[in-house]
Every structure is written in C-alpha cells, then in structure tokens.
Amino acid sequence: MQREMTSVRLLITSATLTAAAIEAKLAIKPDESWKIGDRTGTFGALLKDHGYALDAVAPYSVALADHLRAMIKRIAPVAQKIGEISGQAKVQMVCTLFCKAPPPITFERDDLRWLAALGASLDVGVTLIVDRSKPEAKKTGLFPASES
C-alpha cells in the first residue's frame, strides 16, 4: 500500500536558459536539472526544454501549507532574481499530494503574493490512494447454503 505524502517543487524550464545559467544567477545548486535532448521516462522521450528544480525541505508527512512555506523560506533570498528569470522561462510551483482522502487545499494571501512576485504559476495534483482490501475467499461449496 502506498503511503500518504506531500511534496512541493519549484520548477524552472526554458528553451534558452540552461540549468547552469539559472544556477549561476540564483547561486543555489538545483536538486535536479536536465538539458534539451536528455531522455526521460520509460520510452526515452527527448526533453524539449532545459530544466532546473528545487524541492521543499520538509518531511513528506506535513501539510501542504508547511511545504509551501518551506519552499518560500528556501528561495526568499533570490525571489527577485527568480521573478527576473520568469521573463525568459516558465516558473511553476508544483504541489503533489498522495492521500487517502481529499485534504483541504487553501493558500494564504501572502503565499499567493510570493508566487506572483516569482512570476510563477501554481500546479496542484492530488492522487487519492485507494486501500484495496484482500478479496474474500471463494466459497468452496462444501457446505450447502442453509434454507430459511
């Protein structure tokens, strides 16, 4: 059974700015990066953009709002530079939740202001985890059904 988890990732993709150029501008080493032409996925699709990604530093079990604030705290010193990059790149805050029941998803006004200052879009994906119980054992027919 899959466990519940939450993650937040700042994703910057561009056809012109490389991950190295973004790293040089922000002075933060990415948690993941790629370049145009790299292969990804099961079928090895070619990537059409350079990419730079930072992950929130928070336990997977904490709430979405806590993950978002952890990311904001991580990038706060370079928020203006990210806003400048957004003219040449696509900046996204990607929130991913795997949960057993739909959680409340709310964002504080100040959190939304941060996203606007970054020139970032907000992408929230929720995947519900279904607990599949073991199927009932088949009836063998050794005992006839009682008639009432």
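Before any of the text, the structure's been laid out above.
None of these values were measured; they are calculated from a predicted model.

Chemist: Just checking my understanding: could you explain helix H2 (residues 64-75) for this structure?
Modeler: Along an α-helix, residues three or four apart share an orientation, since each turn contains 3.6 residues. Here H2 is 12 residues long and its end C-alpha atoms lie 17 Å apart, about the 16 Å a rise of 1.5 Å per residue gives. Buried residues belonging to H2 abut strand S1 (5-14), strand S5 (50-55), helix H3 (79-85), strand S6 (90-99) and helix H4 (109-118).

Chemist: Could you clarify how one ought to interpret the nonpolar core in this entry?
Modeler: One recurring pattern in soluble globular proteins is that nonpolar side chains are buried together. Of all hydrophobic cores here, the largest spans 29 residues; its most connected members are Leu 10, Ile 12, Ile 75 and Met 93. Taken together, the elements giving at least two residues each to this core come down to S1, helix H1 (19-26), S5, H2, H3, S6 and H4. If one sorts the elements of this core by residue count, H2 sits on top with 6 residues. If we skip the residues at most four places from it in the chain, Met 93 touches Val 8, Arg 9, Leu 10, Leu 68, Met 71, Ile 75, Leu 115, Leu 118, Ala 120, Ser 121, Leu 122 and Asp 123.

Chemist: What is the right way to read H4 from this model?
Modeler: All of the buried residues along H4 are Asp 111, Leu 115 and Leu 118. Relative to the axis of H4, the buried residues are bounded by an arc of 65° and lie together on one face. When the buried face of H4 is taken as reference, the exposed residues oriented beyond 90 degrees from it are Arg 109, Arg 113 and Ala 116. The inward-facing, buried residues of H4 contact H2, H3, S6 and strand S7 (120-128).

Definitions and cut-offs
Residues numbered from 1 in each chain as written. Predicted model: local features only at pLDDT ≥ 70, side-chain atom pairs only at ≥ 80, totals over all residues. Heavy atoms only, no water. Helix = DSSP H or I, 4+ residues; strand = E, 2+ residues; numbered from the N terminus. Expected span 1.5 Å × (residues − 1). Contact = heavy atoms within 4.5 Å. Core = buried A, V, L, I, M, F, W, Y, C linked by side-chain atoms within 4.5 Å. Buried < 20%, exposed > 50% of the residue type's maximum accessible area, 1.4 Å probe, protein only. Arc of directions from axis to C-beta.

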